[in-house]
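# Chains, contacts and geometry: an overview
Residues per chain, in single letters:
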Amino acid sequence: MSGFMPYSRQEISDADVAAVAEALRASHLTQGPLVEQFEADLARFVGARFAVVFNSGTAALHAAYAAVGVGPGSSVLTSPITFVATANASLYLGGSVRFADVEPDSAQIDPNSADDQADRTVKVLAPVHFGGEVAPIEALAAVAEARHWTIVEDASHALGATYRTSDGAEHQVGACDHSAICCFSFHAVKQITTGEGGAATTNDETMYRRMKRFRTHGITREAGELAGNDGPWYYEQHELGYNYRLTDVQCALGRSQLARYGDWLAARRRVATWYEERFASIPDAVPLRRPHGSHGAHHLFVIRVPPTHRRAIYDELHRRGIGANVHYIPVYHQPFYQRGGFPKTIRSGAEAYYRSALTIPLFPAMTESQVDQVVAGVVAGLGGHPG
Ligand SMILES: *Cc1c(COP(=O)(O)O)cnc(C)c1O
């Protein structure tokens, strides 16, 4: 056995190492020119007017919710099949959380359920592009418009994903064609990494300026935003913000990673196709359905297996050194959410999904023979012939 095969793994090239080394020797370790350069690269890549980088995807969500006015008395409506951060970021602001249901065969938020679960406090709808596939954003945007909600996308899985709308137009996730703000994560398991890191993109200059202030203690140095001016050293704090800055060193890594993104997406697509070819003849291991029009970024590869066999498959894969995982435990299961005074939530689609879901490895460097090893482990766990 050639070591453990994780469910996801970063790719670090010599070019990345060189870019970081150069940044380490430059005059700024943080707050230098690379921050704005990385932001410009990201904005260009997704086709948005503005990008703001943060030291985590969670910080980006926090800033985005703050920028659109989440606070006491308001809530964020999201999917329970997400990482806890999507929900937590609303609580940081004194807001609350509501959970809609997901479609169990895709793990994407169900627009009808989003509409049904609405209450008067909802201010933000936060779809999660689960696994890198694009949530049914056109239908969600229609619900949000009718209810006067703002959409903040959690695209932590979906850098590089695109989607086609009913008029035939192709849209890039992050261009914010159907949202106010779109958030990304650059955690080590995500499409590109800065170690920890994240970003928010928007076309709205007011949101952009709010998020930039939020990132740096609520402080501004922009001439147009200052009430006074004592001299060139002068700055003003206008609200309570945080230190959510990403360093120049990290931005050097991010820029270098983003430059090679296209190769990785092609590699991820190839791995997903290998899996799909093999699972086509295994009726008890069904890959997630891709939402209509979604051209995903293949962050996670999830299969649905009989709940009675999920644990056996998981154990069998781990016995073979294969890092199967489960994404995600419904957020409302968490003890914190159970006792937190939130409306008690049980969503049948999320429950059905959670009982059957298993994430198997997908990363750009994966080979076809590694795919075969994983599939053999799944078959063995299902009780078929050991691979
Ligand atoms: C990774 C992730 C986050 C949080 O990003 P961090 O960079 O780890 O803070 C939020 N939502 C989802 C769906 C994620 O996968």
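Residues numbered from 1 in each chain as written. Predicted model: local features only at pLDDT ≥ 70, side-chain atom pairs only at ≥ 80, totals over all residues. Heavy atoms only, no water.

### Considering the nonpolar core
In this structure, Phe38, Leu42, Val53, Leu125, Val173, Phe184 and Ile192 are the most contacted members of the largest nonpolar core, which totals 45 residues. Contributions of two or more residues to this core are made by helix H2 (33-46), strand S1 (50-54), strand S6 (122-126), helix H6 (137-147), strand S10 (181-185), helix H8 (248-259) and helix H9 (261-279). With 6 residues, the single largest contributor to this core is H2. Both domains that meet at this core, namely domain 1 (14-259) and domain 2 (261-381), each give it at least three residues. (Core = buried A, V, L, I, M, F, W, Y, C linked by side-chain atoms within 4.5 Å. Buried < 20%, exposed > 50% of the residue type's maximum accessible area, 1.4 Å probe, protein only. Helix = DSSP H or I, 4+ residues; strand = E, 2+ residues; numbered from the N terminus. Domains from an automatic or database assignment.)

### A short note on helix H13 (residues 368-381)
Taking 1.5 Å of rise per residue, the 14 residues of H13 would be expected to cover 20 Å, and the 20 Å separating its terminal C-alpha atoms lies within 8% of that figure. Burial in H13 covers these residues: Gln370, Val371, Val374, Val375, Ala376, Gly377, Val378, Ala380 and Gly381. Downstream of H13 by one or two residues, Gly383 has phi in the positive range, about 95°. (Expected span 1.5 Å × (residues − 1).)

### A look at the site of the ligand
Taken together, 17 residues surround the ligand, and among them Gly57, Thr58, Asp154, Ser185 and Lys190 come closest. The backbone of Gly57 places a nitrogen or oxygen atom 2.7 Å from an oxygen atom of the ligand. One of the side-chain N or O atoms of Tyr328 is found 3.2 Å from an oxygen atom in the ligand. Burial of the ligand by the protein amounts to 93% of the accessible area it has alone, namely 380 Å². Secondary structure elements with two or more residues in the shell around the ligand: helix H3 (57-67) and helix H4 (85-92). Tallying contributions element by element places H3 first for the shell around the ligand, with 3 residues. (Near = heavy atom within 4 Å. Polar contact = N/O pair within 3.5 Å; in protein donor to acceptor, adjacent residues only side chain to side chain. Areas by Shrake-Rupley, 256 points an atom, 1.4 Å probe, with all protein chains shown as cover.)

### Brief notes about the pairing of strand S3 (residues 96-99)
Residues of S3 alternate between two faces, with Ser96 and Arg98 on one and Val97 and Phe99 on the opposite face, all of them buried. Pairing analysis gives 4 bridges linking strand S2 (residues 75-78) to S3, with the strands arranged parallel. Bridging from a neighbouring strand, Leu77 pairs with Arg98 of S3. (Pairing = 2+ DSSP bridges.)

### A word on the domain arrangement of the protein chain
The figure often quoted for interface size is the accessible area lost as the parts come together. Here the domain parsing of the protein chain yields domain 1 (14-259) and domain 2 (261-381). Taking only C-alpha atoms, the centre of domain 1 and the centre of domain 2 are 25 Å apart. Facing the 44 residues of domain 1 at the interface are 36 residues of domain 2. Roughly 3,300 Å² is buried in total at the junction of domain 1 and domain 2, and carbon and sulfur atoms are behind 59% of that figure. (Contact = heavy atoms within 4.5 Å. Buried area = accessible area lost by both parts, 1.4 Å probe.)

### With respect to the sheet that holds strand S8 (residues 162-164)
Across the sheet, 3 strands lie side by side as S9-S8-S15; this open sheet has antiparallel pairing. On the outer flanks of this sheet lie strand S9 (170-172) and strand S15 (294-295), each paired with one strand and no other. Bridge analysis of S8 against S15 gives 2 bridges, and the strand direction is antiparallel. Among the inter-strand pairings, Thr162 is bridged to a residue of S15, identified as His295.

### Some remarks on the environment of Ala227
Within the fold, Ala227 resides in the loop between strand S12 (219-220) and strand S13 (236-237). Relative accessible area serves as the criterion here: at 77%, Ala227 is assigned to the exposed category. For the pair formed by Ala227 and Ala155, sequence separation is 72 residues and the distance between their alpha carbons is 36 Å.

### Observations regarding the side chain of Ser96
Checked against the element boundaries, Ser96 lands in strand S3. Engagement of the side chain of Ser96 in a polar contact is seen with the side chain of Arg98, the distance being 3.2 Å. If sequence neighbours within four positions are ignored, Ser96 has contacts with Ser74, Ser75, Val76, Ser90, Leu91 and Phe342.

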